Amino acid sequence: MAKKNDQAKEYIWGKRKRKKWVIIIIVAVVAIIGILSYVIFGLNLNKDTKATPGTISNSQQALTRRALDGVYVPHDQANHHPVAVMIENLVSSRPPSGLSKANLVYEALAEGGITRFMALYSGEMVTIPEIGPVRSARSYYLDWALEFGALYVHVGGSPQSFTDIKKYDVFDLNQFYNAQYFWRDSERPAPHNLYTSGELLAYALRDNEAAETGDYTSWQFKDEAKLSERPAGEKNIIIDFSSFNYKVEYKYDREKNDYLRYQAGEIHKDKDESEIRAKNVVVQKVKTYLIDQERLGMETMAEGEALIFRDGQVIEGRWEKKSREERTFFYDQGGDEIEFNAGVTWIEIVPTDRDIVYD
C-alpha cells in the first residue's frame, strides 16, 4: 500500500513538474512575441501622429500630401472631390463663415470695387458647420473652378456666367434649383443671409454622383523654411483693390511662418472669431475689362506677372494658364515652377495697373 502511495506521489509530482515547465515555456513565448511586436510595430506609438503641414514623422510614413494644399494626410484622404463656394465680401455681409477653414481661396473684384471670394474645400469639409454668405457666379471664377473640376456652389449669377455654365458643362450647384443644400439666416437681411455647410455639400456631392476623388494636377509643395532661415523684422503686403473697405494687408508671423490677413485695417476673422491666415500669398496680375456697363471680365487664359510670398520672402515671377480646364501655374524668373508651403494659399487677383506694396 505504501509503495502504491509513493508511486502515486511520484506520478503527481512529475505531472506537476511537467505542468510547471509548460507554463514557463508559454510565458516565455508570450514575452518573446510581445517584445518582437513592440520592436516591429510599437516604436512610434507614443509619438504625435497629427498631420502637420510640411513635416512628416517616422510614424507617418503612410501619409501623402493632399492634392489641394500639400498637407500630409492619410492616403485615402489625399484627394477628395473639391468644392468651390462663392462667398460674399460686401461690408454689410461681414463677418463671413467658414472662410478660415478653406484650403485655397481666390479673391477678385466683382463690380463697384467690391471683391468676392471663391473658397475651395477638401478633406475635413464635413466638419464645417457654416459656410457663407453664399453669393452669385461670375464667368471668370468659373475658369478657376474648372481647373479642379470642382462642384461650383453659388446662388444666381451674371448672364455671362449662366451661359458659360451650360457651355462648358460646369459641375454646378445653384441654390435656385437646389434649395435643400442651403438655408437662410433670419438674423441677417436678404440677400446676404444664405448659408450652407460642409455636411450639406457632402450630401450634394453624393446626390449628384460626384467622383470620390478629384481629377486635376496638383501644384508642387515643399517643407517650410526652418525658423533660423526665416527673415526677422516686419514683412507686410498691402493690396489696394479699391476703397479702404477693400484694402487688404498681410502681416508675416515669423514664429508660425504664415501671413495674418487684415481687411479694412482690422484682423480678418470668421464669425466664430477664427483668424484668417495663409501659408502662401500669391498676387496674380490679370488684364481686366468691362463686359457691359456693370460687370467685369478677366483674361484668365493667358500669362502675366505674379508675386509669390512664402517663408517671409517674395519671389517675383509669372503665371500661366493654357486652357480653361488646365491649372494656373506659377513660375520664378528662371522658369522653374514654384514650390508652395503646405497649407492654405490665398490667390489675390488684381488688375494689371495695381501697385502692390510689400517689404
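Use the structure listed above.
Residues numbered from 1 in each chain as written. Predicted model: local features only at pLDDT ≥ 70, side-chain atom pairs only at ≥ 80, totals over all residues. Heavy atoms only, no water.

(A) Spotlight on the side chain of Thr345. Tracing the sequence through the fold places Thr345 in strand 23 (residues 345-351). Given the relative accessible area of 2%, Thr345 is considered buried. With near-sequence residues (within four places) excluded, Thr345 lies in contact with Asn103, Leu104, Val105, Trp219, Asn280 and Val282. (Helix = DSSP H or I, 4+ residues; strand = E, 2+ residues; numbered from the N terminus. Buried < 20%, exposed > 50% of the residue type's maximum accessible area, 1.4 Å probe, protein only. Contact = heavy atoms within 4.5 Å.)

(B) Region of interest: the environment of Val282. When you line up the elements, Val282 lands in strand 16 (residues 280-286). For the pair Val282 and Trp319, spaced 37 residues apart in sequence, the C-alpha separation works out to 10.0 Å. Among all residues touching Val282, those that are not within four sequence positions of it are Leu307, Ile308, Phe330, Phe340, Thr345, Trp346, Ile347 and Glu348.

(C) Inspection of the pattern of salt bridges at higher detail. This structure, assessed with the given rule, holds 26 salt bridges. A salt bridge links Asp185 to Lys271, with the nearest nitrogen and oxygen atoms 3.9 Å apart. In this pair, Asp185 is assigned in the loop between strand 8 (183-184) and strand 9 (194-195) and Lys271 in the loop between strand 14 (266-267) and strand 15 (277-278), connecting sequence segments 86 residues apart. A salt bridge links Arg277 to Glu275, with the shortest nitrogen-to-oxygen separation between them at 3.2 Å. Linked through salt bridges whose partners overlap, the residues forming this network are Asp253, Asp258, Glu275 and Arg277. (Salt bridge = Lys/Arg side-chain N within 4 Å of Asp/Glu carboxyl O.)

(D) Structural detail: unusual backbone geometry. In the segment running from Gly132 into Pro133, the intervening peptide bond is cis, with an omega of 0 degrees. Considering the arrangement of structural elements, one finds Pro133 in the loop between strand 5 (115-121) and helix 2 (139-146). Here the amide bond leading from Ala190 into Pro191 is cis, since omega sits at 5 degrees, within 30 degrees of zero. Its location among the elements puts Pro191 in the loop between strand 8 and strand 9. Backbone geometry places Asn257, a non-glycine residue, at a positive phi of 55 degrees. Mapped onto the elements of the fold, Asn257 is located in the loop between strand 12 (247-253) and strand 13 (258-263).

(E) View of the pairing of strand 19 (residues 303-310). Pairing analysis gives four bridges linking strand 16 to strand 19, with the strands arranged antiparallel. Considered in strand 19, the bridge of Gln284 is made with Ala306. Here eight bridges tie strand 19 to strand 20 (residues 313-320), and the two strands are oriented antiparallel to one another. Bridge pairing in strand 20 places Glu303 opposite Glu320. (Pairing = 2+ DSSP bridges.)

(F) Main features of the sheet that holds strand 4 (residues 104-109). The strand order across the open sheet formed by ten strands is 7-6-3-5-4-23-16-19-20-21, and the pairing between neighbours is mixed. Of all strands in the sheet, those bounded by a partner on one side alone are strand 7 (172-174) and strand 21 (329-332). Direction aside, the axes of adjacent strands within the sheet are offset by 25 degrees on average. Relative to strand 23, strand 4 runs parallel, the two sharing four bridges. Bridged to Leu104 within strand 23 is Thr345. The strands touched by helix 2 within the sheet are strand 3 (83-87), strand 4, strand 5, strand 6 (151-154) and strand 23, with strand 4 carrying the most contacts at an inclination of about 160 degrees. (Axes fitted to C-alpha atoms, helices over the stretch in contact; angles between N-to-C directions.)

From the geometry alone we can't say anything about function, so treat these as descriptive.
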